[in-house]
Amino acid sequence: MIRNPIVVAIDGPAGAGKSTIARKVAARLGFLYVDTGAMYRTVALWALRNGTELDDWHRLEQLALAADIRLEAESGRVFLNGEDVSEAIRTELVSDAASRVAAVPAVRRAMVAKQKVFAETSSIVMEGRDIGTVVFPEARVKIFMDADPTVRAQRRQQQLVENGRSAALHEVEGEMRRRDTRDRERAEAPLLQAPDAEYLDASGMAIEEVEEAVLKIVRERTSH
Ligand code: DC
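Everything in this summary refers to the structure shown in the same document. (Residues numbered from 1 in each chain as written. Predicted model: local features only at pLDDT ≥ 70, side-chain atom pairs only at ≥ 80, totals over all residues. Heavy atoms only, no water.)

**Quick word on empty space enclosed by the protein**
In this structure the tally under the stated criterion is 1 cavity of 30 Å³ or more. Empty space within the largest cavity amounts to approximately 40 Å³. Lining the largest cavity are Ala9, Asp11, Gly132, Thr133, Lys142, Ile143, Phe144, Leu192, Gln193, Ala194 and Ala197. With 3 residues, strand S7 (residues 141-146) is the largest single contributor of residues to the lining of the largest cavity. (1 Å grid on protein atoms, 1.4 Å probe; cavity = no way out; pocket = protein on both sides within 12 Å on 5 of 7 lines; lining within 4 Å. Points joined across faces, edges and corners; volume = space filled by probe spheres on them. Helix = DSSP H or I, 4+ residues; strand = E, 2+ residues; numbered from the N terminus.)

**A short note on the site of the ligand**
Around the ligand sit 16 residues, and of these Arg41, Arg108, Arg129, Asp130 and Arg186 come closest. For the ligand, an oxygen atom lies 2.6 Å from a polar atom in the side chain of Arg41. One of the side-chain N or O atoms of Arg156 is found 2.9 Å from an oxygen atom in the ligand. Starting from 440 Å² of accessible surface for the ligand in isolation, the protein chains cover 97%. Only helix H2 (36-49) and helix H4 (92-101) provide two or more residues apiece to the shell around the ligand. The biggest single contributor to the shell around the ligand is H2, with 4 residues. Residue classes in the shell around the ligand are distributed as 4 nonpolar, 4 polar and 8 charged. (Near = heavy atom within 4 Å. Polar contact = N/O pair within 3.5 Å; in protein donor to acceptor, adjacent residues only side chain to side chain. Areas by Shrake-Rupley, 256 points an atom, 1.4 Å probe, with all protein chains shown as cover. Nonpolar A, V, L, I, M, F, W, Y, C, P; charged D, E, K, R; others polar.)

**What about the packing of aromatic side chains?**
The final tally for this structure, using the stated rule, is 1 aromatic pair. In this structure, Arg70 packs its charged tip against the face of Phe79, placed 4.4 Å from the ring centre. Above the ring of Phe136, the side-chain terminus of Lys116 is found at 5.8 Å from the ring centroid. (Phe/Tyr/Trp six-rings, centres within 6.5 Å; stacked < 30°, edge-to-face > 60°. Lys NZ or Arg CZ within 6 Å of the ring centre and 35° of its normal.)

**A look at the pattern of salt bridges**
This model, assessed by the stated rule, comprises 19 salt bridges. The salt bridge partner of Arg77 is Glu87, with a shortest N-O separation of 2.9 Å. In this pair, Arg77 sits in the loop between strand S3 (69-71) and strand S4 (78-80) while Glu87 sits in the loop between strand S5 (83-84) and H4, placing the two residues 10 residues apart along the sequence. Arg77 sits in the partly exposed class, given a relative accessible area of 28%. For Glu87, a relative accessible area of 48% puts it in the partly exposed group. A salt bridge links Asp96 to Arg182; the nearest nitrogen and oxygen atoms lie 3.4 Å apart. Of this pair, Asp96 sits in helix H4 while Arg182 is found in helix H8 (residues 169-185), placing the two residues 86 residues apart along the sequence. The class for Asp96 is partly exposed, based on a relative accessible area of 22%. What you see here is one network of salt bridges that share partners, running through Arg28, Glu211 and Glu212. (Salt bridge = Lys/Arg side-chain N within 4 Å of Asp/Glu carboxyl O. Buried < 20%, exposed > 50% of the residue type's maximum accessible area, 1.4 Å probe, protein only.)

**Remarks on the packing of H2 against H4**
Running from N to C, H2 and H4 point in directions that differ by 105 degrees, and their axes come no closer than 8 Å. Taken together, the axes of H2 and H4 are roughly perpendicular relative to one another. For the pair H2 and H4, contact is made by Tyr40, Arg41, Val43, Ala44, Leu45 and Leu48 and by Leu93, Val94, Ser95, Ala97, Ala98 and Val101, respectively. Residue composition of the contact of H2 with H4, by class: 10 nonpolar, 1 polar and 1 charged. (Axes fitted to C-alpha atoms, helices over the stretch in contact; angles between N-to-C directions. Parallel < 35°, antiparallel > 145°, perpendicular 65-115°, else oblique. Contact = heavy atoms within 4.5 Å.)

Next up, the structure:
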């Protein structure tokens, strides 16, 4: 247990650049980086693999509670019950399923409980959709990172290409909009900006500029 761990909460829609920035900022600060989207993706992957219906909330809760999810800090790799699923959780099928699984209140409760544990032993940079609103409402640093929908779709498409997949931009954008709408409109912990979060539109900015902007916010919010 460390005495006053600092939590940097970064929320925002898909493709805004949260993961890239959160990882870099965590490295610069020497904090632990936690990708909470990967956790929902992992539960979704398990559900898809064993044929769980995505509207079977009871079974999804059981999977979320039973899942042994490990995020390896140094490599950024993600493990489900000991198996490296880092690539398997990045498909479009899993993206869609993750957004559906993430709407289940009991699944969220199970993930939030796991997420809170990270800040018991370390200062963290945690990114997701509800970090500043639900997981760590008392976080000292909260950032809502946004970007133009087309820019976000281009980033997502780029990620798919890097993972050896291809997809038309309009398809990626349509799919992303559907998921974002579901994430924003769900009843439980919807994606929204916390009142005390700093809004950052990263659309026209280079990665280094966004990184510096985030570090500046961290310095301002932790200096007193
Ligand atoms: O950030 P991502 O695209 O890997 O997230 C996958 C899905 O999980 C996405 O639809 C939103 C959801 N999610 C969530 O509801 N709450 C979080 N804290 C993180 C992700």
